[in-house]
Amino acid sequence: MKAEAATKPAATTLRMKKKLKGSNDNNLAGYIFISPWLLGFLLLTLWPIIQSFYLSFTEYSLLEAPTWTGTDNYVNIFTNDTDFTTSLKVTFLFVLFSVPLKLFFSLMVAIMLNKNLKGMNLYRTAIYFPSLIGGSIAVSALWRNMFNLNGYFNHVLAWFGIQGIGWITNPHTSLGTLILLNTWQFGSTMVIFLAGLKQIPQELYESASVDGASKVRKFFHITLPMLSPVMFFNLVLGIIGSFQMFTSAFIITQGGPINSTYMYALFLYDKAFKHYQMGYASALAWILLVIVALMTAINFLVSRYWVFYETDGGKQK
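Definitions and limits used
- Residues numbered from 1 in each chain as written.
- Predicted model: local features only at pLDDT ≥ 70, side-chain atom pairs only at ≥ 80, totals over all residues.
- Heavy atoms only, no water.
- UniProt positions renumbered as here; feature names shortened; annotations may be inferred.
- Core = buried A, V, L, I, M, F, W, Y, C linked by side-chain atoms within 4.5 Å.
- Buried < 20%, exposed > 50% of the residue type's maximum accessible area, 1.4 Å probe, protein only.
- Helix = DSSP H or I, 4+ residues; strand = E, 2+ residues; numbered from the N terminus.
- Contact = heavy atoms within 4.5 Å.
- Salt bridge = Lys/Arg side-chain N within 4 Å of Asp/Glu carboxyl O.
- Axes fitted to C-alpha atoms, helices over the stretch in contact; angles between N-to-C directions.
- Parallel < 35°, antiparallel > 145°, perpendicular 65-115°, else oblique.
- Left-handed = near helix turned anticlockwise from the far one by under 90°.

The protein appears in an unreviewed UniProt entry as Multiple sugar transport system permease protein from Paenibacillus harenae. What UniProt records for the protein under Subcellular location (unreviewed entry) is the sentence "Cell membrane". UniProt's Sequence similarities (unreviewed entry) comment on the protein is quoted here verbatim: "Belongs to the binding-protein-dependent transport system permease family."

This is the structure we're talking about:
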């Protein structure tokens, strides 16, 4: 009996060792499978981020080795660079108008497409399709041709006897054309809204109908509260994407006229690839990161007052 009792701990230890060995083998297999992504993340994402942070404290022109200058780049940006202030102002105006408009139109279109009608899948595909090419250079070039002085938009206005203007070359309307283009690229946001609408229980609408609620009351008391998490998600993504808007401004207006469309990303591009001030551009990139992070943090703080979750019994805590 004593011999059997002595062998039990040894057997248990042996089983634990085999179990740990098998677990380690499984972990090793997992690391091998994710190694391509992990290697790409370390070399193509993490290392450039670290390098960019270091370069933001240097003077670097690609032609010579970086020279450490401390916080000089940041001091010059905030105290001496008027283009920084201009680009930041233009970008904030773009975000302020384009994001709400895009959310509004995408939600309205999603509500219209959330119906069980014959051929609805075809309509959804047709409306979403422009978003597949919405951010491309070709669409930006088309938009430029539509809104220049002799563009298609002015031809349509001429049918009604209205004299058009150069919408892109006019500093009062040039930013509006970019906002309109960004609003037109609502496909992805619309699809996310449509998925959220599909998750709202129909019993809520049926109960409201029994109580005599109108469609407007259902929208504000059922649809919007139930859709608020999806709206919050689209809002955060929309703000992040709008702050990084580059292609449209670069192709359509190149920041003009009179810097009325001089986006922050375009300003960063000019410093990096036109003036070869890579250290300065890296500092601008990190400032943009901080701005976007602050905007996102503010949205998360404010969301507790208007975003509702079923798991919390309604209002977010």
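J.: So, the nonpolar core: which residues are in play, and what are the values?
T.: Among the nonpolar cores identified, the biggest contains 60 residues, and F84, F193, M263, Y264 and L284 are the most heavily contacted of them. Looking at which element gives the most residues to this core, the answer is helix α3 (residues 82-113), with 11 residues. Apart from the residues lying within four places of it in its own chain, the contact partners of L284 are I77, F84, Y264, F267, L268 and K271.

J.: Describe the pattern of salt bridges, naming the residues involved and giving the relevant values.
T.: For the structure on display, the rule yields one salt bridge. The shortest N-O distance in the salt bridge between D270 and K274 comes to 3.6 Å. Within this pair, D270 and its partner K274 are both found in helix α12 (residues 264-274), separated by four residues, close to a single helical turn. By relative accessible area, D270 is classed as buried at 9%.

J.: So what's going on with the packing of helix α9 (residues 202-210) against helix α10 (residues 215-243)? Residues and values would help.
T.: Between α9 and α10, the least distance of the axes is 11 Å, while the angle of their chain directions is 165°. Considering their axes alone, α9 and α10 lie roughly antiparallel with respect to each other. As α9 packs across α10, the resulting crossing turns out to be right-handed. Between α9 and α10, the residues in contact are L204, Y205, A208 and S209 and K218, I222, T223 and M226, respectively.

J.: Provide a residue-level description of unusual backbone geometry, including the pertinent values.
T.: Note: most peptide bonds trans; most residues except glycine with negative phi. Following G256, the chain continues into P257 via a peptide bond in cis, with omega recorded as -10°. Following the sequence through the fold, P257 ends up in the loop between α11 (247-253) and α12. Backbone geometry at Q254 places phi at a positive 55°, although glycine is not the residue there. Structurally, the position occupied by Q254 is in the loop between α11 and α12.

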